[in-house]
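Listed here are the chains, written in short residue letters.
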Amino acid sequence: PIPLGASGPTVDELAHATVQILALTRSGGGLSPVWSGSGSLISADGLILTNAHVVDDRGGEFSDLGVAVLLQADQPPELMYLAEVAAVDYALDLAVLRLVSDLEGNPIQVDLPFVQLGDSDAVAIGEGLKILGYPGIGGDTITFTEGVVSGFTSERNVEGRAWIKTDATIAGGNSGGMAANAEGELVGIPTQASSGAEDSEIVDCRLIADTNGDGRIDDRDTCVPIGGFINGLRPINLAFPLIEAAERGVAYQGGPAPSAAQGG
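Fair warning: this is a prediction, and the values are worked out from it, not measured in the lab.

**Observations concerning the side chain of threonine 166**
- Within the element layout of this structure, threonine 166 appears in strand β10 (residues 158-166).
- Look at threonine 166 and you get buried, because its relative accessible area is 0%.
- Within the structure, the side chain of threonine 166 is placed 3.0 Å from the backbone nitrogen of alanine 168, a separation counted as a polar contact.

Written as structure tokens, this is what we have:
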């Protein structure tokens, strides 16, 4: 695990527990990215917490899930592993992945840095947050922002806190990444939020830049928040049933699945 000193892990240590997740297709003997998102390593043997929409293949858009890890903070992460979905809840937009092989399909044994899990019910308004992820805007390297807890939001069919609101800047591609408290514990998952319980449209994210470098601005690009609903975090406590199922290797049954909305 990441060392917990008197002041908790450093931002650099948290960054090494933050991964980039890539939806990949196979072509010409290689792997090509379709979209990307972020995730947090939550165990040394390769369990990763992220958003469900980052790994949503119900539309058959990709063939493999790749995981890129941070070697140096000033360099793009290195694509090293393939992963499988161990547990997913489309209603909560949460998923747990498990690393299964290297890029050639060979089995792996890993001992990776991971973040400690906190208690999102203990998070207080005004508390500071550290946000890490791979937003896809402004370069390919990991991005760190910070802010405070601005409040909390409820949601139909979700008991307790459904959202933690924050004023921290969270761009598209950060979805599924890390929101840590002052002690360096994972307390939230940056998640695209809609304008309300009756409206599933994402209002804070727009396609305004060619983030995948294909010369077009379309739904394969990463969106950028430009206003609307304040940035939202899914509380870590909502993910505990998925994490437990993944750790035990048992099936997880989530809530009703909305229509597919893929993309990091």
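**Focus: unusual backbone geometry**
- At aspartate 93, a position not held by glycine, the phi torsion is positive, near 60°.
- Within the secondary structure layout, aspartate 93 lies in the loop between β5 (78-89) and β6 (94-102).
- Accessibility expressed as a relative area gives 13% for aspartate 93, which makes it buried.
- At asparagine 157, a position not held by glycine, the phi torsion is positive, near 70°.
- With respect to the element layout, asparagine 157 can be found in the loop between β9 (143-155) and β10.
- For asparagine 157, a relative accessible area of 76% corresponds to the exposed category.

**A closer look at the sheet that holds β6**
- Taken together, 6 strands build a closed barrel; the order of strands is β1-β2-β3-β6-β5-β4 and the barrel is antiparallel. Within the sheet, the average angular offset between the axes of one strand and its neighbour, ignoring direction, is 45°.
- Examined bridge by bridge, strand β3 (residues 47-50) and β6 share 4 bridges and lie antiparallel to one another. Looking at β6, one finds that leucine 47 is bridged to arginine 98.

**Here's the deal with the nonpolar core**
- Among the nonpolar cores identified, the biggest contains 29 residues, and Leu49, Val96 and Met178 are the most heavily contacted of them.
- If sequence neighbours within four positions are ignored, leucine 49 has contacts with Gly39, Ser40, Ile42, Ala95, Val96, Gly176, Leu186, Ile189, Ile236 and Ala239.
- Counting 22 residues, the second-largest nonpolar core is a separate cluster that includes Trp35, Phe62, Tyr81 and Ala83.

**Brief notes about the pairing of strand β8 (residues 128-133)**
- With 5 of its 6 residues buried, β8 lies for the most part within the structure.
- Examined bridge by bridge, β8 and β9 share 6 bridges and lie antiparallel to one another. What sits directly across from isoleucine 131, in β9, is threonine 145.

**Let's talk about the confidence of the model for the chain**
- Here the chain shows a mean pLDDT of 85. Residues at 70 or above account for 81%.
- For the chain, per-element mean pLDDT is lowest for strand β13 (residues 194-196), which scores 43, and highest for β3, which scores 98.
- Low pLDDT, under 50, characterises residues 194-204; the predicted model gives this stretch 21 contacts beyond four residues in sequence or across chains.

**Overview of helix α2 (residues 240-248)**
- Within α2, burial applies to Leu242, Ile243, Ala245 and Ala246. The buried residues of α2 occupy an angular sector of 165° when projected down its axis, which confines them to one face. Exposed and oriented more than 90 degrees from the buried face of α2 are Glu247 and Arg248.
- Elements in contact with the buried residues of α2: β3, β5, β6 and β7 (116-117).
- Remark: glycine 249 follows α2 within two positions and exhibits a positive phi of approximately 70°.

**Some thoughts on the pairing of strand β2 (residues 30-41)**
- Pairing geometry for strand β1 (residues 18-27) and β2, over 10 bridges, is antiparallel. Across the sheet, the residue bridging to alanine 23 is tryptophan 35, located in β2.
- The hairpin turn running from β1 into β2, its antiparallel successor, is 2 residues long, and glycine 28 in that turn takes a positive phi close to 60°.
- Alignment of β2 against β3, held across 2 bridges, turns out to be antiparallel. Note on β3: the bridge partner recorded for serine 40 is leucine 49.
- Count of turn residues in the β2/β3 antiparallel hairpin: 5 residues, of which glycine 46 carries a positive phi of about 105°.

Calculation criteria
- Residues numbered from 1 in each chain as written.
- Predicted model: local features only at pLDDT ≥ 70, side-chain atom pairs only at ≥ 80, totals over all residues.
- Heavy atoms only, no water.
- Helix = DSSP H or I, 4+ residues; strand = E, 2+ residues; numbered from the N terminus.
- Buried < 20%, exposed > 50% of the residue type's maximum accessible area, 1.4 Å probe, protein only.
- Polar contact = N/O pair within 3.5 Å; in protein donor to acceptor, adjacent residues only side chain to side chain.
- Pairing = 2+ DSSP bridges.
- Axes fitted to C-alpha atoms, helices over the stretch in contact; angles between N-to-C directions.
- Core = buried A, V, L, I, M, F, W, Y, C linked by side-chain atoms within 4.5 Å.
- Contact = heavy atoms within 4.5 Å.
- pLDDT = per-residue confidence, 0-100.
- Arc of directions from axis to C-beta.

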